Amino acid sequence: MTRSSRSLPARFRLDGRRTLLTGAAGGIGEAIAKTFREAGSSLALIDLDSARLKSLLRSLESSSGPPVFAIRANVTRERDVARAVREAAAKLGGIDIVVNAAGITAKGDVASTDPAVWRRLLDINVTGTFLTCHAAVPYLRRARDGAIVTISSVYSLIGGQNRAAYSTSKGALDALTRSMAADLAKDGIRVNAVNPGFVRSPMTAPSLRDPTAMRFFRSATPLPWLGDPQDVADAILYFAAPASRFVTGVCMALDGGRALGR
Ligand SMILES: NC(=O)c1ccc[n+]([C@@H]2O[C@H](COP(=O)([O-])OP(=O)(O)OC[C@H]3O[C@@H](n4cnc5c(N)ncnc54)[C@H](O)[C@@H]3O)[C@@H](O)[C@H]2O)c1
């Protein structure tokens, strides 16, 4: 199936909208950046990895479209995030949409997970998302019809073996999504999350190289295919666009049916 931005109905377009995207240099972040720009949004791309951020910026700038800026920041550092959000708002002229895609993963059950790994993972996945929203919500309030979309995971829905820290971090993000949705609805800010199953990206590269892991993911996924970053970007576009104007507090499985079990 081919995609064309010209065929996007108006309710799925983001013309004139200003998006702050964390984890922009990642596999899913890059697909979101490209999709949002095609849909008409200007962008502030935030990531820790300045080399990949620069290369994404170059590739986006090589085609015409709304303004796009890159800002290096560590989402776990309160001052860094506050500065990046301020800079993004100044460059874009405000912020209407926040997409939280920065995240890491780690394997391990409760006994084998190193407490330092546990802390780092929760710091990036949970506190990083909190700090980003904390700094950005005053700008979203001014927008009057803002949207926050966070990438959670199917692991928050199913638990899943050997992912104690990761499942916990994503469960916290689902709770934060619902809590923010309840608090911010009065300001016209909608807050939703997507819960992807297996998606091909640098994060899943080790599994992609491991035939046993791939056999497992294929057998655990009822649909006869796995996810691509574009599948996640399309769902996030829906949650950011006017098409979902009556939707808030939803954590949506995007997992080929994995949470259904088989
Ligand atoms: N790939 C999958 O199968 C999958 C499935 C479910 C959920 N997710 C979630 O989707 C999101 C994106 O994952 P991805 O697959 O694109 O992974 P990825 O590793 O390609 O991208 C993650 C990005 O986050 C950035 N990042 C990490 N720590 C950061 C920090 N402290 N500050 C700023 N940026 C930081 C990294 O530099 C990287 O660019 C993550 O939250 C991940 O948990 C991925």
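Residues numbered from 1 in each chain as written. Predicted model: local features only at pLDDT ≥ 70, side-chain atom pairs only at ≥ 80, totals over all residues.

### Examining the packing of helix α1 (residues 27-38) against helix α9 (residues 229-240)
Note the cut-off: Between N-to-C directions, angles span 0 to 180 degrees; the directions come from axes that are lines fitted to C-alpha atoms, helices contributing only their stretch in contact. Strands are runs of DSSP state E lasting at least 2 residues, helices are runs of H or I lasting at least 4, and numbering of each runs from the N terminus. Note on terminology: angles under 35 degrees are roughly parallel, angles over 145 are roughly antiparallel, angles of 65 to 115 are roughly perpendicular, and the others are oblique. Note on convention: near helix rotated counterclockwise from far helix by under a right angle means a left-handed crossing. Clockwise means right-handed. We call two residues in contact if the C-beta atoms placed from their backbones are at most 7 Å apart. Note on residue classes: Ala, Val, Leu, Ile, Met, Phe, Trp, Tyr, Cys and Pro are nonpolar, Asp, Glu, Lys and Arg are charged, and everything else, Gly too, is polar.
In contact at an axis separation of 8 Å, α1 and α9 are set at 50 degrees when each is read in the N-to-C sense. Accordingly, the angle class assigned to the pair α1 and α9 is oblique. In the packing of α1 onto α9, the handedness of the crossing is right-handed. When α1 is examined against α9, the residues Gly27, Ile28, Glu30, Ala31, Ile32, Thr35 and Phe36 are found in contact with a partner set consisting of Pro229, Gln230, Val232, Ala233, Asp234, Ile236 and Leu237. The residue makeup of the contact of α1 with α9, split by class, is nine nonpolar, three polar and two charged.

### Section: the pairing of strand β6 (residues 190-196)
The test is simple: Put simply, a residue is buried when 20 or more other C-beta atoms lie within 10 Å of its own C-beta and exposed when 12 or fewer do; between those, it is partly exposed, and each C-beta is set from the backbone. If DSSP finds at least two bridges between two strands, the strands pair.
Among the seven residues of β6, seven are classified as buried, and the element is accordingly described as predominantly covered. Where burial is concerned, the two faces of β6 agree: the one with Arg190, Asn192, Val194 and Pro196 and the one with Val191, Ala193 and Asn195 are both buried. In the sheet, strand β5 (residues 147-151) pairs with β6 via five bridges, with the strands oriented parallel. Looking at β6, one finds that Ile148 is bridged to Val191. Where β6 lies against strand β7 (residues 251-254), four bridges are found, and the strand directions are parallel.

### A word on the sheet that holds strand β2 (residues 42-47)
Backbone-to-backbone hydrogen bonds join strands into a sheet, with any given pair of strands oriented parallel or antiparallel. Here seven strands make up an open sheet; going across it, the order is β3-β2-β1-β4-β5-β6-β7 and the pairing parallel. Two strands bound the open sheet, and with one partner strand each, they are β3 (68-72) and β7. Averaged over all pairs of adjacent strands, the angle between their axes in this sheet comes to 15 degrees, without regard to strand direction. Sheet contacts for α1: β1 (18-22), β2, β3, β4 (97-100) and β5; angle to β2, the most-contacted strand, approximately 170 degrees.

### What about the site of the ligand?
Short version of the rule: Only the C-beta atom matters for nearness: placed from the backbone, it must lie within 6 Å of the molecule or strand for the residue to count as near.
With respect to spatial proximity, 29 residues lie near the ligand, and among them Gly26, Ile28, Gly103, Ser201 and Met203 are the closest. Mapped by element, the contributors of at least two residues to the shell around the ligand are α1 and α4 (115-143). A total of three residues in the shell around the ligand trace back to one element, the largest contributor, which is α1. In the shell around the ligand, the residues fall into 14 nonpolar, 13 polar and two charged.

### Regarding the packing of helix α3 (residues 78-92) against α4
In contact at an axis separation of 9 Å, α3 and α4 are set at 35 degrees when each is read in the N-to-C sense. At the point where α3 passes α4, the crossing takes the right-handed sense. Of the residues in α4, those in contact with Glu78, Val81, Ala82, Val85 and Ala89 of α3 are Leu131, Thr132, Ala135, Ala136 and Tyr139. Of the residues contributing to the contact of α3 with α4, the split by class is eight nonpolar, one polar and one charged.

### Let's talk about the nonpolar core
The criterion, for reference: Nonpolar cores are identified as sets of buried Ala, Val, Leu, Ile, Met, Phe, Trp, Tyr and Cys residues joined via C-beta atoms within 7 Å.
Formed by 66 residues in total, the largest nonpolar core has its most connected members in Leu21, Ile32, Leu45, Ala136 and Ile236. Counting residues per element, this core draws most heavily on α4, at eight residues. If you look at the next biggest cluster of nonpolar residues, it comprises seven residues, including Leu121, Val154, Leu157 and Ala165.

### Section: unusual backbone geometry
Glycine aside, the phi torsion of most residues is negative, and most peptide linkages are trans. One non-glycine residue, Arg144, lies in positive phi territory at about 70 degrees. What makes Arg144 exposed here is the crowd of 10 C-beta atoms within 10 Å. Of note in this structure, Asn162 is not a glycine but carries a positive phi near 65 degrees. Locating Asn162 in the fold gives a position in the loop between α5 (155-158) and α6 (164-184).

### Quick word on the environment of Gly29
Mapped onto the secondary structure, Gly29 falls in helix α1. We classify Gly29 as buried; it has 29 C-beta atoms within 10 Å. Gly29 sits 70 residues away from Val99 along the chain, and the two C-alpha atoms are 9.0 Å apart. Setting aside its immediate chain neighbours within four residues, Gly29 contacts Leu21, Gly23, Ala24, Asp47 and Ala101.

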